[in-house]
Every structure is written in structure tokens, then in C-alpha cells.
Amino acid sequence: MTIAGLEDIGAAVATLRAGGLVAFPTETVYGLGANAADRAAVAKIFALKGRPSDHPVIVHIDDPRRLPRWAREVPEPARALAARFWPGPLTLILPKSDEVDEVVTGGQDSVGIRVPSHPVAQRLLRAFGGGVAAPSANRYGHLSPTRAAHVREEFGDAVPIVLDGGESQIGLESTIVACLGDGVRLLRPGHITRSQIAAVAGELVEAGEAPRAPGDRSLHYAPRTPLELVPAPLLASRIASIATHGERVGVLGRGPAPPDRHPGVVWLEAAAEAQAYAHDLYDRLRTLDHAGCARILVETPPRDESWSAVNDRLRRACGLGGRAIEAGAD
Ligand code: TXA
Ligand code: MG
């Protein structure tokens, strides 16, 4: 692995300016970026991902000073959240400025903005100087990439530049918070928790009252192999019922593989602690997805707040939908 250097950043900036796509690392997941001010370039992202055009994309900037170009208003709670959590794994949904193209916002009157902290993302955004529209760098509905190799796996040569920044430290997509002047809403849980948001922005309004991100669909962040969440006490019998039919079964367990396990079982042990679990999750699910299994069984993680983003993504990956979560996930 070669971490992107100055030359690579120069080539990436030239590509963005020429209307091309660049994949780049962030501390959450890798993004598939285009010049947010170039309508045709942003449209290429949608075409490549196979993403419906009414799904808005996040605009990445290097510094909150650039906000006025993208947001017509920054309500007070958003200012406080930006001051506390940027650069970092937080996306703010703000009233959009007139200059933001509707291809970026999916036709909505709001825009999602994020200032990522990853040094390669920072270097890229600073050198580019504008906003980079970027969803996660995966095919629509699939697992987000947390390594440069995952991006290559998703798109091959269709994305000419993939800046390598090593493994994404967090491993799950940013926390999304809407600040549209009518209360603060958590639209997608992430590394920054609901309590951390509330401690800075005050009481949150229930996300259920917010308008839904259009085109939301239930199966997201998903491996191609069907995935099931299975509580610990039921795991052994569920494994047996699949394996006895002669099919391979992938397991993301919360402990080591049982010594007497069926030979058709591919068992990966997940980290015990929430942040380490999140860091590894998509990479582990990709590994199991490639193991030729009929099903992937994930042992249900704990339910407390530090696990809320992990649980949200797992529920979506098996088609259960997020809990009171309104933003789609692409
Ligand atoms: O961590 C992340 O957020 C990564 C990295 C690359 O920054 N990006 C990411 O983008 O996860 P994406 O497109 O995969 O997910 C962004 C979510 C989508 O569900 C989209 O609907 C929502 O953000 N979103 C973006 N703009 C929005 C808006 N104006 N209103 C409501 N939801 C919005
Ligand atoms: Mg995504």
C-alpha cells in the first residue's frame, strides 16, 4: 500500500477540474468524488454507482469558511456542531444556497456538507479549493469501502484515480444531522452519538417528523449474500440448519469459533468493543461475501448507544431498515 503523495493529489485535482471522478479516503469510508459545481461531473457519479437521481450527495469542503458558497443559512445549532465536530465524521444538512445544483441535492431545498478530517482528504480538498460531491465509493446499496482495494473491487478501472489513504479509521459512514431552522434531527447514526449531538445542539426533534430522503430503500450497506442477525442463543441451531443442507455458512461471531463447528462454517470473530467492531465491519462482511456461503449470520451485538451505528447498518444490511432513521444510505 502506498499512501497518496503530493503527485497523486496533483493528478486528482487535475481530474476533478477536468470533470472526472476521483475516489479518496476519509476517516469514515472512501468517497467517490466529483467537482460539486460541475453538473455533468456529478451526474457521472450517479451513472457509475447505479444510484437513483433523487438521492442527494454530500458536499465535502476543507474548511467551514467555505460554507456560504453552499448553505444560504447556518442555524445556530449547526454552528455549534461544526465548531465541535469539524473536521470529523459529521454531515450537516443545511438550507442550500441558490448556487447549489439540484443534481447534488436530488431536487431538495437542503444540502449535506461535511468537512472530513482524513489528512489525504484534507490535502485534496485544500488543493482543489472547491466542494467535492461524494457518496460512498460503492455500487448502489452495497457495502461501503474502507480500503482503496475495496474501491477497486467495486469499480475496477472505471475510476481512474483511487487515492490510497490506508484503512478508514472509523469504518462506518458519518453521523447525519439536519439543521434546517425547525429543530435538530438525527438522520443517520454514526461514530458521533445522539447524546454527543444533544450535548452540543440541545434536545433533538424526532427524526420521524422529518421529510424522508426520497428514494430510500430498505436494503442498504448489504453484502450480496443474504444476511441475518441472529441472537447468541439461537446461533448454533441456525448454523446447523443451514450447514446440514450441505451449504456453506458465514458467521460473524462475538467470540472465537466453537471447536466442534461444522466444516462448512466460515467463522470470523468480531472485535468485542463497539469502535473496533465498526472499524472492521465492512471488511469482514466483504470477506464473508467472497467465501461462497449461502448465508451470512451475524451474532446480534449489544444494544447500548455506542453500538447504535453498528446496529443501524446491520439492520439495513438484512433489510430490516434503520430504527427511526430517515436518511437513506447509498
Ligand atoms: O461518511 C460519509 O458520510 C461518506 C463519506 C464519503 O463522506 N459519505 C456517504 O455518502 O456515506 P452517501 O451518499 O453514501 O450517503 C449520504 C446520505 C444519503 O443517504 C443521502 O440521502 C443523505 O446522506 N443526504 C445527503 N444530502 C441530503 C439532504 N440534503 N437531505 C437529506 N439527506 C441527505
Ligand atoms: Mg453510501
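As the structure is a prediction and not an experimental result, all values here were calculated from the model.

Re the packing of helix 1 (residues 6–17) against helix 6 (residues 119–128)
In contact at an axis separation of 9 Å, helix 1 and helix 6 are set at 50 degrees when each is read in the N-to-C sense. Looking at the two axes, helix 1 sits oblique to helix 6. Where helix 1 crosses over helix 6, the two elements pack in a sense that is right-handed. Counted together, Ile9, Ala12, Val13, Leu16 and Arg17 of helix 1 and Val120, Arg123, Leu124, Ala127 and Phe128 of helix 6 form the full contact between these two elements. In terms of residue class, the contact of helix 1 with helix 6 is made up of eight nonpolar, no polar and two charged.

What about the pattern of salt bridges?
One pass over the structure, following the stated rule, counts 18 salt bridges. Here Asp62 makes a salt bridge to Arg66, at a shortest N to O gap of 2.6 Å. Residue classification places Asp62 among the buried positions, given a relative accessible area of 10%. Taking relative accessible area as the criterion, Arg66 reaches 29% and is therefore assigned partly exposed. For Glu206, the salt bridge identified is with Arg194, shortest N-O distance 4.0 Å. Residue Glu206 is found in the loop between helix 8 (194–201) and strand 10 (227–230), and its partner Arg194 is found in helix 8; the two are separated by twelve residues along the sequence. Its relative accessible area of 42% is what places Glu206 among the partly exposed residues. Relative accessible area serves as the criterion here: at 31%, Arg194 is assigned to the partly exposed category. Here the salt bridges share partners, and the residues they tie into one network are Glu173, Asp312, Arg313 and Arg316.

Concerning the nonpolar core
Counting 47 residues, the largest nonpolar core has Leu32, Leu81, Leu90, Leu92, Ile113, Val177 and Ile197 as the members making the most contacts within it. No other element matches helix 2 (residues 39–49), which puts five residues into this core. Once residues lying within four places of it in the same chain are set aside, the contact partners of Val177 are Leu81, Leu90, Thr91, Leu92, Ile93, Val184, Arg185, Leu186 and Ile197. Ranked by size, the runner-up nonpolar core spans 22 residues in total, among them Leu227, Leu285, Leu288 and Ala309.

As for the side chain of Asn35
Mapping Asn35 onto the fold places it in strand 2 (residues 31–35). A residue is classified by how much of its surface remains accessible, and Asn35, at 15% relative accessible area, is buried. In this structure the side chain of Asn35 is engaged in a polar contact, spanning 2.9 Å, whose partner is the backbone nitrogen of Ala37. The residues contacting Asn35, other than those within four sequence positions of it, are Leu16, Ala41, Val42, Phe128 and Gly131.

With respect to the sheet that holds strand 11 (residues 249–253)
Taken in spatial order, the four strands of this open sheet run 10-13-11-12, and their pairing is parallel. In this open sheet, the two strands that pair with only one neighbour each are strand 10 and strand 12 (265–269). For this sheet the average axis-to-axis angle between neighbouring strands, irrespective of direction, equals 20 degrees. Two elements, strand 10 and strand 13 (residues 295–299), share four bridges in a ladder whose sense is parallel. The residue bridging Glu228 from the neighbouring strand is Leu297, located in strand 13. Contacts from helix 9 (residues 232–243) reach strand 10, strand 11, strand 12 and strand 13 within the one sheet, and its direction differs from that of strand 13 by about 170 degrees. Across the sheet, helix 10 (residues 274–289) is in contact with strand 10, strand 11, strand 12 and strand 13; its angle to strand 11 comes to roughly 170 degrees.

Points about the packing of helix 4 (residues 76–85) against helix 8
Close contact between helix 4 and helix 8 brings their axes to 9 Å; oriented N to C, the two are set at 120 degrees. If you check the angle between helix 4 and helix 8, you find them oblique. For the pair helix 4 and helix 8, the crossing hand works out as right-handed. Contact residues: Pro77, Ala80, Leu81, Arg84 and Phe85 in helix 4; Gln196, Ile197, Val200 and Ala201 in helix 8. Residues of the contact of helix 4 with helix 8, tallied by class, amount to seven nonpolar, one polar and one charged.

Structural notes on the environment of Thr28
On the secondary structure map, Thr28 appears in the loop between strand 1 (22–24) and strand 2. The spacing of Thr28 and Leu320 is 292 residues in sequence and 23 Å in space, taken between C-alpha atoms. Once you skip the residues sitting within four places of it in the chain, Thr28 turns out to touch Pro89, Arg114, Thr146, Ser168, Ile170, Gly171, Leu172, Glu173 and Ser174. Within polar-contact distance, the side chain of Thr28 engages the side chain of Arg114 at 3.0 Å.

Here we look at unusual backbone geometry
With an omega dihedral of -5 degrees, the bond running from Trp86 to Pro87 counts as a cis peptide bond. Its place among the elements puts Pro87 in the loop between helix 4 and strand 4 (90–95).

Rules behind the numbers
Residues numbered from 1 in each chain as written. Chains lettered and ligands numbered in written order. Predicted model: local features only at pLDDT ≥ 70, side-chain atom pairs only at ≥ 80, totals over all residues. Heavy atoms only, no water. Axes fitted to C-alpha atoms, helices over the stretch in contact; angles between N-to-C directions. Helix = DSSP H or I, 4+ residues; strand = E, 2+ residues; numbered from the N terminus. Parallel < 35°, antiparallel > 145°, perpendicular 65-115°, else oblique. Left-handed = near helix turned anticlockwise from the far one by under 90°. Contact = heavy atoms within 4.5 Å. Nonpolar A, V, L, I, M, F, W, Y, C, P; charged D, E, K, R; others polar. Salt bridge = Lys/Arg side-chain N within 4 Å of Asp/Glu carboxyl O. Buried < 20%, exposed > 50% of the residue type's maximum accessible area, 1.4 Å probe, protein only. Core = buried A, V, L, I, M, F, W, Y, C linked by side-chain atoms within 4.5 Å. Polar contact = N/O pair within 3.5 Å; in protein donor to acceptor, adjacent residues only side chain to side chain. Pairing = 2+ DSSP bridges.

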